[in-house]
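# Per-entry structural report
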Amino acid sequence: MLSEIPLSYFLVVSTLMFFIGIYGFLTRKNLITILMAVELILNSVNINFVAFNRYLFPDQLEGHFFSLFIIAVAAAEAAVAIAIIISVYRRYSNIDVERVDTMKF
Amino acid sequence: MSIHELMFYLFSGMILLFSVLTVTSRRILRAAVYLLFVLVSTAGIYFMLNYQFLAAVQLTLYAGGIVVLIIFSILLTSHISQKFEPLGVKKMVFSALAVAAGALLSIMTILDFGFDTVVTTSQNPDMELIGTSLLSYEKNGYVLPFEVISVLLLAAMVASIVIAKKEKSK
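The shown structure was predicted, so the numbers you read here are calculated from the model rather than taken from an experiment.

## What to know about the interface of chain A and chain B
- Each partner contributes to the interface: chain A provides 62 residues, whereas chain B provides 68 residues.
- Elements with a contribution of two residues or more to the side of chain A that touches chain B: helix 1 (7-27), helix 2 (31-56) and helix 3 (62-92) of chain A.
- Counting residues per element, the side of chain A that touches chain B draws most heavily on helix 3 of chain A, which supplies 21 residues.
- Taken together, the residues that form the side of chain A that touches chain B break down as 46 nonpolar, 12 polar and four charged.

Laid out in structure tokens, this is it:
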């Protein structure tokens, strides 16, 4: 059953995933890959919420609902970010963060 | 080793392997596909924890929606055969050091902390319970975040249309 797996295993997996996302955020240069790293980070936080909900408060559903809301926020964020990326690409024909360095136009 | 443990190790191994590949792959389209694998294995973890509705949302919205959006924007903005230049050693080493220090600190804190877990009968919240709690305004009701999210989604939709639309040629 589920009790064979301690809660901290889930937390370790999600921590590692979070920091892998941070590594991608620090080292990537393409805007879309940075967005993917942010998705990894959000996803790891979701695993945390769900595992806490299942292990600590199984009769309430707070972690469950907050993961739902985080998924919705991530979808909104991805949509707006991709709109901005496409707009930047039209203006500069490039989405490298090091070459797009003028914010004003 | 029971089937639960086996599934947990399988899914977490897939998550970690494909996360690393997502942030290190030099071909952008492959990175997006690896991200898809990460999200699907996360849905597997939700299934394992017996939250079927959340796992279905994860599969349809994350793996189905966001990844397709990312792949479309990759196709719009870069050549498929394009490879990134390899990373500078200095940047890679320093980022890895910072990340390893943070991960080590967090993991040690987690393993030190004793959680008093109460795994009782792990029942699956049915659709009726989820629906009524989303729309109830009493205790354990989530109608306020629900409404805020709906306004946020509308605003995001309008904003992305406005930002991405072509400007009129003068």
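## Focus on the nonpolar core
- Core analysis: the biggest nonpolar cluster contains 65 residues, and Ile32(A), Met36(A), Ala32(B) and Leu35(B) have the highest contact counts within it.
- Within the residue set of this core, elements represented by two or more residues are helix 1, helix 2 and helix 3 of chain A together with helix 1 (3-24), helix 2 (28-48) and helix 3 (52-77) of chain B.
- The dominant element in this core, judged by the number of residues it contributes, is helix 2 of chain A, at 12 residues.

## A look at the confidence of the model for chain B
All names here are of chain B.
- When pLDDT is averaged along chain B, the result is 86, and 95% of the positions lie at 70 or above.
- Within chain B, helix 5 (residues 127-135) has the poorest average pLDDT of any element, 84, and helix 2 the best, 92.
- Across the assembled chains, the prediction reports ipTM 0.90 with pTM 0.89.

## Focus on the domain arrangement of chain B
- For chain B, the assigned domains are domain 1 (1-89) and domain 2 (125-170).
- Taking the mean C-alpha position of each, domain 1 of chain B and domain 2 of chain B sit 24 Å from one another.

## Structural notes on the packing of helix 1 of chain A against helix 4 (residues 89-112) of chain B
- At a minimum axis separation of 9 Å, helix 1 of chain A and helix 4 of chain B run at an interaxial angle of 160 degrees. In this view, helix 1 of chain A runs roughly antiparallel relative to helix 4 of chain B, as classed from their interaxial angle. Relative to helix 4 of chain B, the crossing made by helix 1 of chain A is right-handed. Taking contact as the criterion, the partners of Ser8(A), Leu11(A), Val12(A), Thr15(A), Leu16(A), Phe19(A), Ile22(A), Tyr23(A), Leu26(A) and Thr27(A) in helix 1 of chain A are, on helix 4 of chain B, Lys91(B), Met92(B), Ser95(B), Ala96(B), Val99(B), Gly102(B), Ala103(B), Ser106(B), Ile107(B), Ile110(B) and Leu111(B).
- Its residues assigned to classes, the contact of helix 1 of chain A with helix 4 of chain B shows 14 nonpolar, six polar and one charged.

Cut-offs used in this document
- Residues numbered from 1 in each chain as written.
- Chains lettered and ligands numbered in written order.
- Predicted model: local features only at pLDDT ≥ 70, side-chain atom pairs only at ≥ 80, totals over all residues.
- Contact = placed C-beta atoms within 7 Å.
- Helix = DSSP H or I, 4+ residues; strand = E, 2+ residues; numbered from the N terminus.
- Nonpolar A, V, L, I, M, F, W, Y, C, P; charged D, E, K, R; others polar.
- Core = buried A, V, L, I, M, F, W, Y, C linked by C-beta atoms within 7 Å.
- Buried ≥ 20, exposed ≤ 12 C-beta atoms within 10 Å, placed from the backbone.
- pLDDT = per-residue confidence, 0-100.
- Domains from an automatic or database assignment.
- Axes fitted to C-alpha atoms, helices over the stretch in contact; angles between N-to-C directions.
- Parallel < 35°, antiparallel > 145°, perpendicular 65-115°, else oblique.
- Left-handed = near helix turned anticlockwise from the far one by under 90°.

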